[in-house]
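# Descriptive analysis of the structure
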Amino acid sequence: MFKPKVSIIIPVYNWSNYLWEAIESALSQTYENIEILVINDGSNDDWETEKIAQSFGDKIKYYYKENWGVSTALNLAIEKMIWEYFSWLSHDDLYYPNKIEKQVKYLETLNDKESIIISNFEFINSKWNFLYNSNIPKLTTKNILFKSLISFPINWCSLLIPKVAFKKVWLFNEELKTIQDYDMWFRLMKQYNFYFIDKILLKNRRHWAQDSNNKTLITIKWKSWLNKKVLKNFTINDIKKSSWSQMPNYLFKIYLLFKINILQSVSYLSLITRKLKIHNILVPIARRIFFK
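Definitions and cut-offs
Throughout this description, residue numbers start from 1 for each chain and increase along the sequence as written. Note on the predicted model: pLDDT of at least 70 is required for a residue's local features to be given, and 80 or more for side-chain atom pairs to be given and counted; whole-chain, interface and lining totals, by contrast, use all residues. Heavy atoms throughout the structure, all of them, feed into the side-chain values; hydrogens and water do not. Labels follow the DSSP assignment, with helices taken as runs of H or I lasting at least four residues and strands as runs of E lasting at least two, numbered in each case from the N terminus. How far a helix is expected to stretch is found by multiplying one less than its residue total by 1.5 Å. Throughout this description, buried means an accessible area under 20% of the type-specific maximum (1.4 Å probe, protein chains only), exposed means over 50%, and partly exposed covers the range between. Residues count as neighbours in contact if any of their non-hydrogen atoms are within 4.5 Å of one another. Here, a salt bridge means any Lys or Arg side-chain nitrogen found within 4 Å of an Asp or Glu carboxyl oxygen. Each patch is built from residues that are more than 30% exposed by relative accessible area and take part in no salt bridge. Like charges join if they lie within 9 Å; nonpolar side chains (Val, Leu, Ile, Met, Phe, Trp, Tyr) join within 5 Å. Only the protein chains shown count as cover for residues, and all accessible areas are computed by the Shrake-Rupley method using a 1.4 Å probe. Note on pairing: two strands pair once DSSP finds at least 2 bridges between them. Angles here are taken between N-to-C directions and fall from 0 to 180 degrees, while the axes themselves are lines fitted to C-alpha atoms, restricted in helices to the stretch in contact. The arc in question is formed by the directions pointing from the helix axis toward the C-beta atoms. To pair, rings of Phe, Tyr and Trp, with the six-membered ring standing in for Trp, must have centres within 6.5 Å; the planes then decide the type, stacked if under 30 degrees apart, edge-to-face if over 60, and tilted in the middle.

Time to look at helix α1 (residues 16-27). For α1, spanning 12 residues, the distance from its first C-alpha to its last is 17 Å, which sits close to the expected 16 Å at 1.5 Å a residue. Restricting attention to buried positions, one finds in α1 the residues S16, Y18, L19, E21, A22, I23, S25 and A26. Summarising the contacts, the buried residues of α1 are in contact with β1 (6-12), β2 (34-41), α2 (48-54), β5 (94-95) and β9 (194-205).

Once that is clear, we can look at the pattern of salt bridges. Across all of its chains, the model carries nine salt bridges by this definition. In this structure, K65 and D41 form a salt bridge, with 2.5 Å as the shortest nitrogen-oxygen distance. Residue K65 is found in strand β3 (residues 61-65), and its partner D41 is found in strand β2; the two are separated by 24 residues along the sequence. One salt bridge connects E114 with K168, and the closest N-O pair in it is separated by 3.8 Å. On the criterion of sequence distance, the pair formed by E114 in the loop between α4 (99-108) and β6 (116-124) and K168 in helix α6 (residues 165-168) is long-range, its members being 54 residues apart. Look at the salt bridges and you will find they share partners, linking D183, R187 and K229 into a network.

Mapped onto the secondary structure, K253 falls in helix α11 (residues 249-276). On a C-alpha basis, the gap between K253 and K240 in space is 8.6 Å, while along the polypeptide they are 13 residues apart.

Our focus in this paragraph is a nonpolar patch on the surface. On the surface, M247, Y250, L251 and I254 cluster together to form a nonpolar patch covering roughly 400 Å² of accessible area. Of note, Y250 is situated in helix α11. Take Y250: its relative accessible area is 56%, and that puts it in the exposed class.

Strand pairing within a sheet occurs via backbone hydrogen bonds; the two strands may be parallel or antiparallel. In spatial order, the strands read β3-β2-β1-β4-β8; together these five strands make up an open sheet with mixed pairing. Strand pairing shows two members of the sheet lacking a second neighbour, β3 and β8 (161-162), which therefore form its edges. Pairing between β1 and strand β4 (residues 85-88): four bridges, direction parallel. For I8, the partnering residue across the bridge sits in β4 and is S87. Running at roughly 145° to β2, helix α3 (residues 70-80) makes contact with β1, β2, β3 and β4 of the sheet.

So, about the pairing of β4. Along β4, one buried face is formed by Y85 and S87 and the opposite face, lined by F86 and W88, is buried too. By the bridge criterion, two bridges tie β4 to β8 in an arrangement that is antiparallel. Bridge assignment links Y85 to a residue of β8, and that residue is P162.

Turning to α4, its buried residues number three or more, namely K99, I100, Q103, V104 and L107. The buried residues of α4 occupy one face: seen down the axis, they fall within an arc of 115°.

What follows is about the packing of aromatic side chains. Enumeration over the complete set of coordinates arrives at 16 aromatic pairs. Between the aromatic rings of Y182 and W185, the centroid separation amounts to 4.5 Å while the plane-to-plane angle is 75°, which identifies the pairing as edge-to-face. With Y182 and W185 both in helix α7 (residues 180-189), this residue pair falls three residues apart, about one helical turn. W185 shares its class with Y182; the two are buried. Through a chain of ring-to-ring contacts, the aromatic side chains of F86, W88, W156, F166, F172, Y182 and W185 assemble into a single cluster.

With respect to topology, four strands assemble into an open sheet ordered β5-β9-β6-β7, the strand pairing being mixed. Strands at the two margins of the open sheet, each flanked by one partner only, are β5 and β7 (130-133). In this structure, β6 lies alongside β9, joined through eight bridges in parallel fashion. Bridge pairing in β9 links I116 to F194.

Structure below.
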């Protein structure tokens, strides 16, 4: 029987009020072959984060480090994890109890056990209230490159990744204070097969204090940089195959750049709607229009 060992990684910087719930959701997994690593990235909240983490005793492994950003916390976790598969859980998100079990069972059906498994997810607010489902299109190894360039189809915490992948593509880029997950996705796409489970296995929490709200302008800037990097690392033919397009290359490139610019415009619009606090009303509509 296929029973790999899975390390659930929880990086945290302040916001200890959500941490207890995240750890509980990791401990509540129906799959038993797990370890849980909590990496405190130098929280300055009067040791509240440390108190909560240490209250779980030897149920988890707890590490404290100076604050240098989430990439450094994740890289420390990869160094410290002793098991075969990596699963990131943000300190303000929640796993469904069967998240790891469903992904391991799917992995068991594949010949290539070094594949990466993705699942669907849903959004909740700070009070646990359901907002909307992600409703992402079905992703495969063949279409994920194009989908990731023109939309935001993946939530990093929905992935299950073999640890050996980080030896091939290297660790998270510690110079990036945002989009370090996108940067890693594109590097993984170059080397690994992706498989999608169309089941909601993650609750992604939306609240006004998270980095995606506070660093929107920086994120847009770095996403533009990353798009240029991806367009250099992948050929137009690679991307066109991923889109199933029959266009000539020169027309497809124009189409691709148009879609990328539309996404950037949507990002700016998202910033405005967050400021006006109407984001959660407009996002489901925008997803149906732009990201099908």
